[in-house]
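# Structure assessment
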Amino acid sequence: MTAVRVLLLQAPSVEGPHAEIVAPLGLAAVAAAARASGHEVELVDLNLETDPFPALAEALGRVDPQAVGIGLRNIDPLANSRHSFLPAFGALLEVVRRGLPSVPLVVGGAGFSMFPRAIMERYPSIDVGVFLEGEATFPEVLAGLERGARPSRVNGTLRADVSHLAGTPGTIVRVRDTSSADRGTRLIESPPRPWLSEASLDVVRTWLPELAGSYAGRTSYAPAAGVETKRGCPLGCSYCVYPALQGRRLRYRSPDTIVAEVEALHRETGAEWVHFNDPVLNYPAGHFREVCRRLVERGLPVRWTGFFREDALTPADAELAVRAGCAAFQFSGDGTCDRTLARLRKGLTLRDVLGAARAAARTEALSVYHFMVNVPGTDAEVAAGALELVDRLHGIHGPRENLGAIVFNNLRVYPGTPLAAELVTAGRLEPEDHLLFPTYHDPVPYQHLRYELEERHHLHASRRTGARDPIEEASR
Ligand code: B12
Ligand code: SF4
């Protein structure tokens, strides 16, 4: 082989026909890196297909790839859903394997990176797992395949032999004992690769040209185009995987690059809004302000959203953000009172949450609040405080009617988090639970709290819109 002909697939990652389908930024990043290394890459997002499996069979036949890469971004939809994307992922692996038994199959993505070993153990079809950032690792894997992935016969079937890739930083490689199919395999896990440097992140990227037109009209509240202003989160909320996925050290992209990327997205794909994909957009404030100032100067007709940290948002920053194009402030305070904020290790107080709400409410942008419900330590006082918080947020946003939504979720428990350790200690979680399938913390007796909060929110919202009470209407 010289250049490798690669088929990159985005695994099914949304639930139901009305789901928001966003452009797969991570898969696009590894596609661009592979192309820059001289490989021939075709990219197919199976979320765009009404029936993904025939589309997959067609792509396998048409591309006849020498390597297949699969992006496993999401393993479940969160939002209290009990759905899992893993059964469809397993089926996808089998379709690829049946069609191309000896082609090396590489998997990466945020969903994979949270459970690399458990996924490699569960799905023996995967030859190489790439965990965390893929921009450097994937081309290195392809270069290794170029050097010689001669298939070998395993119980009568030709299978890729990728044993020479063992030791590649940031990978788990399946080394097969060629005398027994899949039984005599070993997983060789190498240490993670150092995080990408700021210089490597600081390049303008846009959606790949072949995907540019595919996402129009696929989303209603989440912009399909994502732009990163930096990577990493130095904070340590007890349930969160973001610091593990992107590191604790903040790595910034330059404001010029960010603005140029937004402009290119608008010019080349017609994008009218983007999501800033940082774990926390406005923390620390200095870089965020500079990005906003450049956006104001450039005056692009592009609006944006992003997740804001409450204690870093001043009224002046909120105004600046809106002048720079912010259409909606997303807040993920998660705790509804001082006690739950402390328990979740948010490093925030209720005063911070309300202060940010007031700053955002003075602007014309919408605000969307996300809270976790029935978190450890919930009691009658916490429940009453949460209901009161809904009232207060509606009160704060009442004058300008700019409360977009309040979203209530239960905590999804992820491996390696302080929350998982806390639940094991409390006897609420089995230590050997791999947590691959949707696992929420929602114990008795407060499982109903989420519905009560939603109801309170909807009652406020219906009064705001002047909607009539359907029960009262029916009794007339
Ligand atoms: C920003 C974001 C969003 C934005 C996206 C906006 C947009 N237009 O892109 C919004 C808010 C809309 C969103 C929505 C959702 N999201 Co989201 N999102 C994120 C977040 C914070 C960053 C994702 C990102 O773009 N990162 C930057 C890119 C460059 O990194 P990356 O995708 O990880 O890709 C790198 C590596 O993973 C790897 N890689 C990726 N693909 C491949 C493929 C191969 C072959 C290889 C080798 C490597 C590789 O290399 C890439 C480059 O380094 C992550 C958490 C996080 N910090 O990662 C959650 C996250 C990925 N989302 C998650 C989920 C579940 C969702 C939703 C389903 C939630 C919902 N119910 O709506 C939807 C699904 C949307 C969709 N269609 O996929 C979960 C997934 C975990 C899980 N339980 O499955 C995460 C981890 C958050 C969490 N709380 O746990 N999301
Ligand atoms: S919840 Fe937000 S602030 Fe907390 S660790 Fe995760 S990304 Fe950082």
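Calculation criteria
- Residues numbered from 1 in each chain as written.
- Chains lettered and ligands numbered in written order.
- Predicted model: local features only at pLDDT ≥ 70, side-chain atom pairs only at ≥ 80, totals over all residues.
- Helix = DSSP H or I, 4+ residues; strand = E, 2+ residues; numbered from the N terminus.
- Rg over C-alpha atoms; globule rule 2.2 N^0.38 Å.
- Buried ≥ 20, exposed ≤ 12 C-beta atoms within 10 Å, placed from the backbone.
- Contact = placed C-beta atoms within 7 Å.
- Near = placed C-beta within 6 Å.
- Nonpolar A, V, L, I, M, F, W, Y, C, P; charged D, E, K, R; others polar.
- Domains from an automatic or database assignment.
- Expected span 1.5 Å × (residues − 1).
- Core = buried A, V, L, I, M, F, W, Y, C linked by C-beta atoms within 7 Å.
- Pairing = 2+ DSSP bridges.
- Axes fitted to C-alpha atoms, helices over the stretch in contact; angles between N-to-C directions.
- Right-handed = clockwise from strand over helix to strand, strands pointing away.
- pLDDT = per-residue confidence, 0-100.
- Parallel < 35°, antiparallel > 145°, perpendicular 65-115°, else oblique.
- Left-handed = near helix turned anticlockwise from the far one by under 90°.

### Some words on the overall build of the chain
Secondary structure assignment for the chain yields 17 helices and 19 strands. Compactness check: the chain gives a C-alpha radius of gyration of 24 Å against a globular reference of 23 Å for 476 residues, within 12% of the reference. The buried share of the chain, reckoned over its 476 residues, is 43%. Relative to all contacts within the chain whose residues are 6 or more apart in sequence, the contacts with residues 24 or more apart total 75%.

### With respect to the site of ligand 1
Within the structure, ligand 1 sits among 45 residues, and Gly26, Gly69, Gly108, Gly134 and Gly226 are positioned closest to it. Breaking the shell around ligand 1 down by element, the ones donating at least two residues are helix H1 (25-36), strand S3 (67-71), strand S4 (105-108), helix H4 (110-114), strand S10 (225-227) and helix H8 (242-246). A total of five residues in the shell around ligand 1 trace back to one element, the largest contributor, which is H1. Across the shell around ligand 1, the residue classes tally to 24 nonpolar, 14 polar and seven charged. Two domains share the shell around ligand 1, each providing at least three of its residues, namely domain 1 (5-189) and domain 2 (198-474).

### Re the site of ligand 2
In the neighbourhood of ligand 2, the contacting residues comprise Cys233, Leu235, Gly236, Cys237, Cys240, Tyr242, Pro243, Pro279 and Val280. Here the residues of the shell around ligand 2 sort into eight nonpolar, one polar and no charged.

### Observations concerning helix H13 (residues 350-361)
With 12 residues, H13 should cover 16 Å at 1.5 Å per step; its first-to-last C-alpha distance of 16 Å lies within 8% of that length. Along H13, the residues classified as buried are Val353, Ala356, Ala357, Ala359, Ala360 and Ala361.

### Examining the nonpolar core
In terms of nonpolar packing, the biggest core is built from 129 residues, with Leu9, Ala31, Val68 and Val274 touching the most fellow members. If you tally residues by element for this core, the top one is H1, at seven residues. Built from parts of two domains, this core gets at least three residues from each of domain 1 (5-189) and domain 2 (198-474). Among residues more than four places away in sequence, those in contact with Leu9 are Val44, Leu46, Leu56, Val68, Ile70 and Gly71.

### Some points on the sheet that holds S10
Strand order in the open sheet formed by six strands is S10-S13-S14-S15-S16-S17, and the pairing between neighbours is parallel. The open sheet has two free edges, formed respectively by S10 and strand S17 (403-409), since each of these has just one partner strand. Put simply, the sheet's adjacent strands are angled 20 degrees from each other on average, direction ignored.

### A few points about the domain arrangement of the chain
By domain assignment, the chain separates into domain 1 (5-189) and domain 2 (198-474). On a C-alpha basis, the centroid separation for the pair domain 1 and domain 2 is 30 Å. On the domain 2 side, the residues contacting the 28 residues of domain 1 number 29 residues. The set of elements that each furnish at least two residues to the side of domain 1 that touches domain 2 consists of H1, strand S2 (40-45) and H4. Of all the elements, H1 adds the most residues to the side of domain 1 that touches domain 2, at five residues. Here the side of domain 1 that touches domain 2 is composed, by residue class, of 19 nonpolar, four polar and five charged.

### Some points on the pairing of strand S8 (residues 171-176)
A large share of S8 lies buried, amounting to five of its six residues. As defined by bridge partners, strand S5 (residues 128-130) adjoins S8 across three bridges and the pair is classed as antiparallel. For Gly129, the partnering residue across the bridge sits in S8 and is Ile172. The pairing of S8 with strand S9 (residues 185-189) spans five bridges and is antiparallel. Within S9, the residue paired with Val175 across the bridge is Arg186.

### Regarding the sheet that holds S9
The strands making up a sheet associate through backbone hydrogen bonding, with each pair oriented either parallel or antiparallel. Judged by pairing direction, the sheet is mixed, and its seven strands sit side by side in the order S2-S1-S3-S4-S5-S8-S9 without closing on themselves. What marks the edges here is a single partner per strand, and that holds for S2 and S9. For this sheet the average axis-to-axis angle between neighbouring strands, irrespective of direction, equals 20 degrees. Together, strand S1 (5-10), S2, S3 and S4 form the strand contacts of H1, whose direction differs from that of S2 by roughly 165 degrees. Together, S1, S3, S4, S5 and S8 form the strand contacts of helix H6 (residues 137-148), whose direction differs from that of S5 by roughly 160 degrees.

### Section: the pairing of strand S15 (residues 326-334)
In terms of residue burial, S15 counts as a mostly covered element, since eight of its nine residues are buried. Taken together, the five bridges between strand S14 (residues 303-308) and S15 define a ladder with parallel strand orientation. Note that in S15 the partner of Phe308 across the bridge is Phe331. One crossover worth recording links S14 to the parallel S15 by way of helix H11 (residues 315-323), and it is right-handed. Relative to strand S16 (residues 366-372), S15 runs parallel, the two sharing five bridges. For Phe329, the partnering residue across the bridge sits in S16 and is Ser367.

### With respect to the confidence of the model for the chain
Low-pLDDT stretches of the model should not have their predicted coordinates read in fine detail. For the chain, mean pLDDT is 94; residues scoring 70 or higher make up 95% of the total. Ignoring residues within four places in sequence, the model shows residues 467-476, a span with pLDDT below 50, making two contacts including any to other chains.

### Things to note about the packing of H1 against H6
Following both chains from N to C, one finds H1 and H6 inclined at 45 degrees, their axes separated by 8 Å at the closest point. Classed by the angle they form, the pair H1 and H6 counts as oblique. Where H1 crosses over H6, the handedness of that crossing is right-handed. Residues Val30, Ala33 and Ala34 of H1 form the contact with H6, whose own contacting residues are Phe138, Pro139 and Leu142. Residue composition of the contact of H1 with H6, by class: six nonpolar, no polar and no charged.

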